[in-house]
Amino acid sequence: MSQITDEFVSVGLSAAAVEALSAAKREPDWLRALRLAAFDAFEKIPMPTLRDEEWRRTDLRGLRLNDIVPYGNVPARVTSLTSLDVALRAEIDAAGQTGGVVVQQDNGSIYSTLNESLLQKGVIFTDLDTAVREHGDLVREHLTKNVPVDYNKFAALNTAFWSGGVFLYVPRRVDVALPLQSLNYMATVGVANFSRVLIVTEADSDVVLVDQWLGPDHEGQGFAANVQEVFVGNAARVRYYSLQEWGQNVWNFSVNRTALSRDATANSLVGAFGGRFHKANVESALQGPGSTSEMLGVLFGNERQFFDHHTLQDHQAPHTSSDLLYKGALTDRARSVFSGMIHARPAAQKTDAIQTNRNLLLSDGARADSIPNLEIEANDLRCTHAATVAPVDDEQMFYLRARGLSETDAKRMIVEGFFETVLERIPLPGVVDRLRAVIAQKIT
Amino acid sequence: MASWVKVGKTDEVPEGTGKYFDIGGEPIAVFHSDGNFYATSDICTHEEASLSEGELEGEVVECPLHGARFNVRTGEVKSLPAVVKLKTYPVRVVDGSLEVEV
């Protein structure tokens, strides 16, 4: 367990805390200046309210910003698996064979490995703090170029206080055959998690990163504001999966944006299962002609959880395609909001975009809001959207029960069947097994 | 297990108005109508809007978003677009302080 530094507890979220953090990390001037500019943006951007269009169904009044401790002492780096928390070791085991692992605990990286063969090929996979020291120019070239400092209040906060994080760089034509694993572990009560992921891939490369966010249930408010910036080079392929399994009282704010170059392919998955409040902005910017983005989402809410996914398929160039499929199941008094936008800019002729959001309500108190949007500025393209919110189908239940299944088993089958159309698009058996296990655990 | 929670002083909720309180994660609105205090869930049962920001006329509050109306004493729906009854909570005044049973 790490101790919370007195200095950071007393100053809370302040420019002084940003200065202290940057100094403690001995960062270059450019990064210190970036953090301060971000904190300035954080202070200037007003807290969203129910009157702001993007937040009109998202109640932030229960969030206590003043309770956030931005940084706590980081446990020492370890070199052997046995020194890691049991929960982390279990995750590494479950992942099977990987090309490398980066583990963050609270505010810093404590363990990282990368296969020798990948190192030889010039792949960089480490925490962002280390990358700033060892590959500063590369980081500086890309950091905040995809998610600008003032994207929203929480992205600004992350840019000011990010710590630990992940940096992944894949050179031209390198195919990282085995998936890479990132673990982000919220171990200490009250200390915020500000992970930042930066992925830069050169032309014709291929890589998969599975990013798991986890932590035990704690009393008291937990807070995470994280940002992921993904750059996919010409004809490169990136698969980035994030699985949110925070403890029960965590407020999570994520911004994830992928920029695709010519003929690039991006596959993303957002899995949301933990926390008290989860807001995620997930965007694909199809900047290069011929690029393709597949965006999958799976969520399951129970008790009083709240999930808000705000997605964007931004078609900027001709001959691009995107396919978004987000599915959510809700029970007890859980709530979700989905707001998806397909934006086809004037140059985006021959766009082929699909957006589908399906929600399954398993109780009377559950509620899902689904709002699809289209903004079309080109005139030769195809854009489709579909949104459904429905309870379990009575006829389906009757069919299964008439064949001898109990109500619980019948419900389980229907829920599993519901998510199957997303799961069958995930080519990583380990991830699919994990999703099935989490889903099964939430069905009562 | 319900318990009484002190939320503030009675003069924080002037006559004819409502105020939002967060009680253990539950959004609750306390209204002051005709000398009495009433507490209900703060979220309209139609859409995600804050009833404490709505207009209170006598015992009836109107949601600021789409105009649904509720009786704050009983939780009954008085007009569309709401159809589901609003949850109410017992309120008492103890030594000038408001207490809500949640």
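## Digging into the overall build of chain B
Step number 1: Helix and strand counts for chain B come out as zero helices and 11 strands.
Step number 2: Along chain B, helices and strands appear, N-terminal first, in the series β-β-β-β-β-β-β-β-β-β-β.
Step number 3: For 102 residues, the compact-globule estimate of 2.2 N^0.38 gives 13 Å, and chain B sits close to it at 12 Å.
Step number 4: With the C-alpha coordinates aligned to their principal axes, the bounding extent of chain B is approximately 40 × 30 × 20 Å.
Step number 5: Considering chain B as a whole, with its 102 residues, one finds that 32% of them fall into the buried category.
Step number 6: Looking at chain B alone, contacts between residues at least 24 apart form 42% of all its contacts between residues at least 6 apart.

## Structural notes on the sheet that holds strand S12 (residues 277-286) of chain A
Residue and element names in this part refer to chain A.
Step number 1: Reading across the sheet, the nine strands line up as S3-S4-S6-S8-S10-S12-S14-S16-S18 and stay open at both edges, with mixed pairing between neighbours. Pairing within the sheet leaves two strands with one partner each, and these edge strands are strand S3 (124-126) and strand S18 (367-376). Pairwise comparison of adjacent strand axes, ignoring direction, gives a mean angle of 5 degrees for this sheet.
Step number 2: Here three bridges tie S3 to strand S4 (residues 166-170), and the two strands are oriented antiparallel to one another. Bridging across to S4, Phe125 finds its partner in Leu168.

## A short note on the nonpolar core
Step number 1: Counting residues in hydrophobic clusters, the biggest one holds 119 residues, and the most contacted among them are Val103, Leu168, Ile199 and Val232 of chain A.
Step number 2: With seven residues, the top contributor of residues to this core is strand S8 (residues 222-232) of chain A.
Step number 3: Not counting residues up to four positions away in its chain, the partners in contact with Leu168 of chain A are Ile124, Phe125, Leu180, Ile199, Val207 and Leu209 of chain A.
Step number 4: Ranked by size, the runner-up nonpolar core spans 24 residues in total, among them Ala29, Ala49, Val61 and Leu86 of chain B.

## A look at the packing of helix H9 (residues 394-401) of chain A against helix H10 (residues 407-423) of chain A
Residue and element names in this part refer to chain A.
Step number 1: It is the contact of H9 with H10, at a shortest axis distance of 9 Å, that shows an interaxial angle of 125 degrees. Our classification of the angle between H9 and H10 gives oblique. The two elements H9 and H10 meet at a crossing, and its hand is right-handed. In this structure, H9 uses Gln396, Met397, Leu400 and Arg401 to contact H10, whose residues at the interface are Glu407, Ala410, Met413 and Ile414.
Step number 2: The class makeup of the residues in the contact of H9 with H10 is five nonpolar, one polar and two charged.

Cut-offs and rules
Residues numbered from 1 in each chain as written. Chains lettered and ligands numbered in written order. Predicted model: local features only at pLDDT ≥ 70, side-chain atom pairs only at ≥ 80, totals over all residues. Helix = DSSP H or I, 4+ residues; strand = E, 2+ residues; numbered from the N terminus. Rg over C-alpha atoms; globule rule 2.2 N^0.38 Å. Buried ≥ 20, exposed ≤ 12 C-beta atoms within 10 Å, placed from the backbone. Contact = placed C-beta atoms within 7 Å. Pairing = 2+ DSSP bridges. Axes fitted to C-alpha atoms, helices over the stretch in contact; angles between N-to-C directions. Core = buried A, V, L, I, M, F, W, Y, C linked by C-beta atoms within 7 Å. Parallel < 35°, antiparallel > 145°, perpendicular 65-115°, else oblique. Left-handed = near helix turned anticlockwise from the far one by under 90°. Nonpolar A, V, L, I, M, F, W, Y, C, P; charged D, E, K, R; others polar.

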